[in-house]
Amino acid sequence: MTAEIGWNAADVGKEGAKHGRGPGRKEPVLKEAPAAKDTPDTPVSERPVKFGGTVRKQAAESHSERLISPLTRRILAVNMFALIIPVVGLLYLGAYRDSLIEAELEALKTQGEVFAGAIGEGAIATTLSGDQMLDIAPARQIVRRLSDLSDLRARLFLPDGDLAADSRLLIGGGGVVQVLVLDTPDEPTQFLDPLIKFLDWLPRRYDLPAYREAPTQNAADYDEVVSALFGEVTSALRLNPTSNDYVLSVAVPVQRYRQVLGALMISKGGAEIDRAVRSLRLDVLKLFGGALVITILLSFYLAGTIARPVRRLAAAAERVRRDIGRQTHPIPDLTRRNDEIGDLSGSFRAMTAELQAQLDAIERFAADVSHELKNPLTSLRSAVETAAKVKGAKQQRQLLDIVEDDVRRLDRLITDIADASRLDAELNRAHAQTVDLAVLLSTLADIHRATADEKSAPVVTLGFPPGTEMLVSGMEDRLFQVFHNLIGNAASFSPPNGTIRVTARRDGGMMELLVEDEGPGIPGGKVDAIFDRFYSERPSEEKFGTHSGLGLSISKQIVEAHGGTIRAENIGGKDGTTAGARFIVRLPVATPDE
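Heads up: these notes are all about the structure in this document.

Rules behind the numbers
- Residues numbered from 1 in each chain as written.
- Predicted model: local features only at pLDDT ≥ 70, side-chain atom pairs only at ≥ 80, totals over all residues.
- Heavy atoms only, no water.
- Buried < 20%, exposed > 50% of the residue type's maximum accessible area, 1.4 Å probe, protein only.
- Helix = DSSP H or I, 4+ residues; strand = E, 2+ residues; numbered from the N terminus.
- Pairing = 2+ DSSP bridges.
- Axes fitted to C-alpha atoms, helices over the stretch in contact; angles between N-to-C directions.
- Contact = heavy atoms within 4.5 Å.

## Some thoughts on helix α11 (residues 551-561)
Then comes step 1: In terms of burial, α11 is a largely internal element, nine of the eleven residues being buried.
Then comes step 2: Among the residues making up α11, those that are buried are Gly551, Leu552, Ser553, Ile554, Ser555, Lys556, Gln557, Ile558 and Val559.
Then comes step 3: Looking at the residues trailing α11, positive phi occurs at glycine 563, about 80 degrees.

As structure tokens, this is what we get:
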């Protein structure tokens, strides 16, 4: 079977003595729960395993070592994703390509205007009627020579649209010869060839008109030439479907005294633009490669500083959870990191130490409860066994009285133990409120006077004027229980017609309250022991078993849960003897916010 155990957070490291002065404090209660039956459908983490002769839940399988932890993969993915997005955007370079094209077209316009001006000055002939016209022969020479200097193709069209000159066509005695201009060969790239092919494959502007060259060219084949014959400088961008290259062209009117005598069209391919874009892409990729290597190394370093210590803490937690003999396993101390992992390590170490202390306290409490329950049970069994052998009515009556006392003692003891086991959970769940201790203590004094059984009962006096405000933050019913225990404890030790003095004063941020009696005081060496569980030293005239010995222990737990302290001391008399006992309770004063 499994054991359901509840325990107190306060005083978990103290030895549970079997003696206590007054009613006591909440401690763990052991309750037996039915054993869980293991079935094939039961999760591994919930199947019971043998634990030192008992049964406990089996731990989930520990995480196996991975080459790259999931956390490392996530850090790599995030860092690489953040790096790849701008790189992918840079690889398209649409705006950069467009700016290069615009710059090339502007340069072509400038060169075209220079060419047209040269033709307008040096290749114009005047007819007998005074009209001006292009002189074809010198115009061809000018077009050819200027094109050679600038590596451009120039074509000259007449006003009627006919082609008059083409830098790619040489006219001589043997006829017309077409000149083919070869592209500048790229430098050998070796291992970069696949990368260059990939870069050339990247999307580009395909929504351009196709460049087609008719066998017999005419101005009507090119819109920019038609516009130039009307006196406008016009540019055009086309795509060569054969080579998949751009074709840039500009048409400039050839004029003489504002008379349009023809149109000069100069054009060039976009190979240089593609090379510039490709070169920039290669630079981007080289930078990306270097940044990627650095990112991966930094990601592994960052993941290592997080994943490795977390894995160590997880392994330590696994060892603690699988511990069969409750052995002490060291928890890695990473507090020197001064970060969240260090905080986690410190909290984990503190939690493990607290858990170990609580488990020890549970064992001690279980032993104490077992011992305290055995006493009335042994007496009860003896009385029952003897009652069967006794025939006299008087003796039987005496045995029944013993049975009745033992049953009441058991009932009181079990009630106090159950209340102690619930106290810790209640203190953790409860919401604090502002409590006026002056009102609370006045109420307790009135209750004591009203419930006094004898005329010689001790009198409770309050050492503060009526209307005094003593505000603390806490649970009113539990603070009431503390001072009820202390006053009741003082009353049980006070002589007839004695006085119980309750005084209070503020000491900085703490409210200090004193409960003093005129009894015999606390036995030597027992000042601290009276707060232990089941402390049983009571007045000689008190009936045995009237108190469970948990009252002061419970009071201490409540006070410490409120952030205060409680202690006891003897009151010294004038002749050096003990004149009574004093209990000192200190509680934090309620703040204005509270």
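Still more to cover.
## Quick word on the sheet that holds strand β8 (residues 163-166)
Then comes step 1: The strand order across the open sheet built from five strands is β8-β7-β13-β12-β11, with neighbouring strands paired in antiparallel fashion. Bordering the open sheet on either side are β8 and β11 (234-240), each of which pairs with just one other strand. Shown here is a sheet whose adjacent strand axes are inclined to one another by a mean of 20 degrees, direction ignored.
Then comes step 2: In terms of strand pairing, β11 meets strand β12 (residues 245-256) through seven bridges, oriented antiparallel. The partner of arginine 238 across the bridge, within β12, is valine 247.
Then comes step 3: Against the sheet, helix α2 (residues 94-122) contacts β7 (153-157), β11, β12 and β13 (259-269), and its axis sits at roughly 30 degrees relative to β12.
Then comes step 4: This element, helix α3 (residues 136-150), spans β7, β8 and β13 of the sheet and lies at about 160 degrees to β7.

## Notes on the pairing of β7
Then comes step 1: For β7, a buried count of five out of five residues is recorded, marking the element as mostly surrounded by other parts of the structure.
Then comes step 2: Residues Arg153, Arg155 and Phe157 of β7 are buried on one face, and the alternating residues Ala154 and Leu156, pointing to the opposite face, are buried as well.
Then comes step 3: With five bridges joining them, β7 and β13 adopt antiparallel strand pairing. Note that in β13 the partner of arginine 153 across the bridge is serine 267.
Then comes step 4: When β7 meets β8, the two strands line up antiparallel, connected through three bridges. Paired with arginine 155 across the bridge in β8 is aspartate 166.
Then comes step 5: Counting the residues in the hairpin turn of β7 and β8 gives five residues, including glycine 161, whose phi is positive at 100 degrees.

So, to be careful, I would describe these as geometric facts and stop short of saying anything about function.
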